[in-house]
Amino acid sequence: MGYLARNLRRNLPAIIVFVAAIGLLEVWVRSMEVRAFLLPAPSSIVGALVENWEVGYQIWPAAQTTLLEAAGGLVIGTLLGIGVALVISRWPVARDVALPVAVAINAIPIIAFAPIANNWFGVLSPNSKMVIAAVLVFFPIMINVLRGLTEVPASSLELMRSYAARPATVFLKVRVPNALPFFLTGLKVAATLALIGAVVGEYFGGLNVALGRIVVQSASKLAFEVTWAAIIVASVVGIAMYLLIVSVERVVIPWHPAVRGERAT
Amino acid sequence: MSGDAVVSVQGVSKEFEVPGGSSMTALSGIDLEIMRGEFVSLIGPSGCGKSTLLRLIGDLTDPTAGSIAVNGKPAPQARVDRDYGMVFQAPVLFDWRSVEENVRLPLELTGNDKAARNARVSQMLELVELSDFRRHHPYQLSGGMQQRVAIARALAFEPALMLMDEPFGALDEMTRERMNSEVLRIWSQTGITVIFVTHSIPEAVFLSSRVAVMSARPGRITRVVEVDLPRPRTVETRESRRYFELVTEVREALRGSEGKGDPMESALERAAAEGGIG
């Protein structure tokens, strides 16, 4: 509980500024009579959110769908990224083959790939959205894990050599723990990308109970307060995924300077 | 010569390839015999190959010519048999392991049973006087304490030989002197043979039974100074007349390998040594 209290105190200024900004926005939109399709008042966005939570646009079930797609894509992309990184770190020849391909995949604008993925994996199926998310997730995971497995201090390897340790032992006792912080850094980036991938996939078609679909449909009906509500929920889902990984990080690598630094403050 | 040589280096030279296709001679014609229980320091200017010689003995690199025997067997076999423990200039501890887990690391590489392993770790931590810090992580320790963990780890296999590559080079002078006494205590308690690379003359003289003085380009052993200071060596040792004589002898041997320096500089350096500055 001490931890919660400390966190609250640390975040208090940010919370105050945030609440004040929302308040000012509300006052400004109402007093200047900004038209709703340009910028709806925060209160009307909250109203739309409550109204469409389970009925109407069904924002809550939509958020669950999108979260599932993003999480599925995150898992698939992460497994593929780790797998390719393992192969490349083990066989340097594979690096010369796989790295250019990986870079090329990473260079594909995801917007261009989304309709194709929808076509390949079923526009109405969550699988197509997972694939789009996975494509985005793959690269940061692969690159980070690869760095973690290969950028081991020479002195550590020399120490293991002085003990005549087998390569498999060096891998398990040095390379893997060394890669953990790199992997978690990649995972934090990837979590946000997975959500973007899922929403982009939804833009190009799918069942209507999904955040990306709500954005498209509400905007086409000029119901921008609903659009904003969906955007806010999407970002909350993204933040939740990010925070989940940060808390995993605290448990898995408490010894790492980045984690220790967070504790010290 | 003797059957009791722990390390026998004969006619060893080492060349490194340098970019452009040519090669650089790091070591040339090295002969060195180290007896069981000796404490031998390798001292010389940077680039004289003293660390390279240590790494050759540890089979961390291969000689271009000559032969190296450790415990009566070729160096590669001795490494595989874990006949030596190595302490590097940096402690090389793993952040993700606690102090005791770091010391246990080498023991995990063999199939010995858990109870024996943990008993050995406790024994080693007692030896370096870190039993109270067994559950700490490396980042919670000072530089000197980290290096003591590294020493405990190097001794985990009860090796006949400990190779130390400028282990206290990164420590401040006060800590270094404390660590010197610590190493001598461990050395006399365990009866281990030590080869110690350093660039500090006072450190080499204080610790060693023999100091091998090396010169650079190409790296050779130019002189071996016998250190006949009585043991146990204490704070008083550092203030004795014989200690200063030996420091001067080693210094002059080092200088001899580069030509005579001017007397004024020499006097200043002696004063520095008397003040305990390396």
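This one's a predicted model, so the numbers in the text were calculated from it and none came from an experiment. (Residues numbered from 1 in each chain as written. Chains lettered and ligands numbered in written order. Predicted model: local features only at pLDDT ≥ 70, side-chain atom pairs only at ≥ 80, totals over all residues.)

1. A closer look at the overall build of chain B
Okay, step 1: Regarding its fold elements, chain B presents nine helices and 10 strands.
Okay, step 2: Computed over its C-alpha atoms, the radius of gyration of chain B comes to 19 Å, within 12% of the 19 Å expected for a compact globule of 278 residues.
Okay, step 3: C-alpha atoms of chain B, sized along the principal axes, occupy 60 × 45 × 40 Å.
Okay, step 4: Residue pairs at least 24 apart in sequence account for 69% of intrachain contacts in chain B once pairs closer than 6 positions are excluded. (Helix = DSSP H or I, 4+ residues; strand = E, 2+ residues; numbered from the N terminus. Rg over C-alpha atoms; globule rule 2.2 N^0.38 Å. Contact = placed C-beta atoms within 7 Å.)

2. Looking at the overall build of chain A
Okay, step 1: Within chain A one finds 11 helices and zero strands.
Okay, step 2: When the helices and strands of chain A are listed from N to C terminus, the series reads α-α-α-α-α-α-α-α-α-α-α.
Okay, step 3: Seen along its three principal axes, the alpha-carbon backbone of chain A occupies a region of about 75 × 50 × 30 Å.
Okay, step 4: Counting the 265 residues in chain A, one finds 37% classified as buried.
Okay, step 5: The long-range share in chain A, meaning contacts at least 24 apart out of those at least 6 apart in sequence, stands at 74%. (Buried ≥ 20, exposed ≤ 12 C-beta atoms within 10 Å, placed from the backbone.)

3. A short note on the sheet that holds strand β1 (residues 5-17) of chain B
Residue and element names in this part refer to chain B.
Okay, step 1: If you walk across this open sheet you meet the four strands as β2-β1-β4-β5, and the pairing is antiparallel. Looking along the sheet, the strands with just one partner apiece sit at the ends: β2 (23-35) and β5 (73-74).
Okay, step 2: Across two bridges, strand β4 (residues 65-70) lies against β5 in antiparallel orientation. Its bridge partner being in β5, Val-70 is matched across the sheet by Lys-73.
Okay, step 3: Across the sheet, helix α1 (residues 50-57) is in contact with β1, β2 and β4; its angle to β1 comes to roughly 120°. (Pairing = 2+ DSSP bridges. Axes fitted to C-alpha atoms, helices over the stretch in contact; angles between N-to-C directions.)

4. A word on the nonpolar core
Okay, step 1: The biggest cluster of nonpolar side chains holds 81 residues, and the ones touching the most others in it are Ile-57, Ala-152, Met-162, Ile-195, Val-205 and Val-250 of chain B.
Okay, step 2: Beyond its immediate chain neighbours, meaning those up to four positions away, Ile-195 of chain B contacts Val-7, Ile-34, Val-40, Leu-42, Leu-54, Ile-57 and Leu-163 of chain B.
Okay, step 3: Membership of the second largest hydrophobic core comes to 60 residues, among which are Ala-62, Val-84, Ile-143 and Ala-230 of chain A. (Core = buried A, V, L, I, M, F, W, Y, C linked by C-beta atoms within 7 Å.)

5. Thoughts on the interface of chain A and chain B
Okay, step 1: Taken together, the contact between chain A and chain B spans 14 residues of the former and 16 residues of the latter.
Okay, step 2: Broken down by secondary-structure element, the contributors of at least two residues to the side of chain A that touches chain B are α7 (154-162) and α8 (167-203) of chain A.
Okay, step 3: Broken down by element, the residue count for the side of chain A that touches chain B peaks at six residues, all from α7 of chain A.
Okay, step 4: The residue inventory of the side of chain A that touches chain B, partitioned by class, reads six nonpolar, five polar and three charged. (Nonpolar A, V, L, I, M, F, W, Y, C, P; charged D, E, K, R; others polar.)

6. Section: the sheet that holds strand β3 (residues 39-43) of chain B
Residue and element names in this part refer to chain B.
Okay, step 1: The mixed open sheet is built from six strands, whose spatial order is β6-β7-β8-β3-β9-β10. Looking along the sheet, the strands with just one partner apiece sit at the ends: β6 (84-87) and β10 (220-226). Neighbour-to-neighbour, the strand axes of the sheet open up by a mean angle of 20°, direction not taken into account.
Okay, step 2: Bridge count for β3 against strand β9 (residues 210-215) is four bridges, and the pairing is parallel.

7. Regarding the environment of Pro-109 of chain A
Okay, step 1: With respect to the helices and strands, the residue Pro-109 of chain A is situated in the loop between α4 (92-107) and α5 (110-121).
Okay, step 2: Judged by local crowding, Pro-109 of chain A falls into the exposed class, with 7 C-beta atoms found within 10 Å.

8. Points about the pairing of β2 of chain B
Residues and elements named next belong to chain B.
Okay, step 1: As paired strands, β1 and β2 are joined by nine bridges and run antiparallel to one another. Bridge pairing in β2 places Val-9 opposite Leu-32.
Okay, step 2: Hairpin connection from β1 to β2: five residues lie between these consecutive antiparallel strands, with Gly-20 at a positive phi of about 115°.

9. Comments concerning helix α3 (residues 99-108) of chain B
Okay, step 1: Here α3 of chain B lies mainly inside the structure; seven of its 10 residues are buried.
Okay, step 2: At its buried positions, α3 of chain B is contacted by α8 of chain A together with α4 (114-127) and α5 (143-154) of chain B.

10. A word on the packing of α8 of chain A against helix α9 (residues 211-220) of chain A
All names here are of chain A.
Okay, step 1: One can describe the packing of α8 onto α9 by two numbers: an axis separation of 7 Å at closest approach and a directional angle of 45°. On the basis of the axis angle, α8 is oblique to α9. Crossing handedness for the pair α8 and α9: right-handed. Residue-level inspection shows Val-199, Val-200, Gly-201, Glu-202 and Tyr-203 of α8 in contact with α9, the latter providing Leu-211, Gly-212, Arg-213 and Val-216.
Okay, step 2: Taken together, the residues that form the contact of α8 with α9 break down as five nonpolar, two polar and two charged. (Parallel < 35°, antiparallel > 145°, perpendicular 65-115°, else oblique. Left-handed = near helix turned anticlockwise from the far one by under 90°.)

11. Observations concerning the packing of α5 of chain A against α8 of chain A
Each pair of packed helices gets described by two things: the angle between the helix axes and the distance between those axes.
Residues and elements named next belong to chain A.
Okay, step 1: In the contact formed by α5 and α8, the axes pass within 9 Å of each other and the chain directions differ by 60°. Considering how the two elements wind past one another, α5 and α8 form a crossing that is right-handed. Across the interface between the two elements, Ile-110, Ile-111, Ala-114, Ala-117 and Asn-118 of α5 pack against Gly-197, Val-200, Gly-201 and Tyr-203 of α8.
Okay, step 2: Its residues assigned to classes, the contact of α5 with α8 comprises six nonpolar, three polar and no charged.

12. Here's the deal with the pairing of strand β7 (residues 161-165) of chain B
Residues and elements named next belong to chain B.
Okay, step 1: Within β7, five of the five residues are buried, leaving the element largely enclosed by the surrounding structure.
Okay, step 2: In β7, alternate side chains face the same way, and those of Leu-161, Leu-163 and Asp-165 on one face and Met-162 and Met-164 on the other are all buried.
Okay, step 3: Across four bridges, β6 lies against β7 in parallel orientation. Paired with Gly-85 across the two strands is Met-162, which belongs to β7.
Okay, step 4: Summarising the sheet, β7 and strand β8 (residues 193-198) pair through five bridges and their orientation is parallel. Along β8, the bridge assignment pairs Met-162 with Val-194.
Okay, step 5: Read from β7 through helix α6 (residues 173-190) to β8, the crossover connection turns out right-handed. (Right-handed = clockwise from strand over helix to strand, strands pointing away.)

13. Focus on the confidence of the model for chain B
Residues and elements named next belong to chain B.
Okay, step 1: Summarising the model, chain B shows a mean pLDDT of 89, and 91% of its residues fall at 70 or more.
Okay, step 2: Taken together, the stretch residues 259-263 has pLDDT below 50 and engages in three contacts with residues farther than four places along the chain or on a different chain.
Okay, step 3: Taken over the whole predicted complex, pTM reads 0.85, whereas the ipTM for its chain interfaces reads 0.86. (pLDDT = per-residue confidence, 0-100.)

14. Observations regarding the environment of Val-200 of chain A
Okay, step 1: With respect to the helices and strands, the residue Val-200 of chain A is situated in helix α8.
Okay, step 2: Aside from chain neighbours lying at most four places away, what touches Val-200 of chain A is Ile-110, Ile-111, Ala-114, Ile-132 and Gly-212 of chain A.

15. Examining unusual backbone geometry
All names here are of chain B.
Okay, step 1: Following Arg-217, the chain continues to Pro-218 via a peptide bond in cis, the omega torsion being -10°.
Okay, step 2: Looking at where Pro-218 falls in the secondary structure, it is placed in the loop between β9 and β10.
Okay, step 3: Residue Arg-231 is joined to Pro-232 through a cis peptide bond whose omega torsion reads 0°.
Okay, step 4: One non-glycine residue, Glu-166, lies in the positive phi region at around 45°.
Okay, step 5: Relative to the helices and strands, Glu-166 resides in the loop between β7 and α6.
Okay, step 6: Residue classification places Glu-166 among the buried residues on the basis of 20 C-beta atoms within 10 Å.

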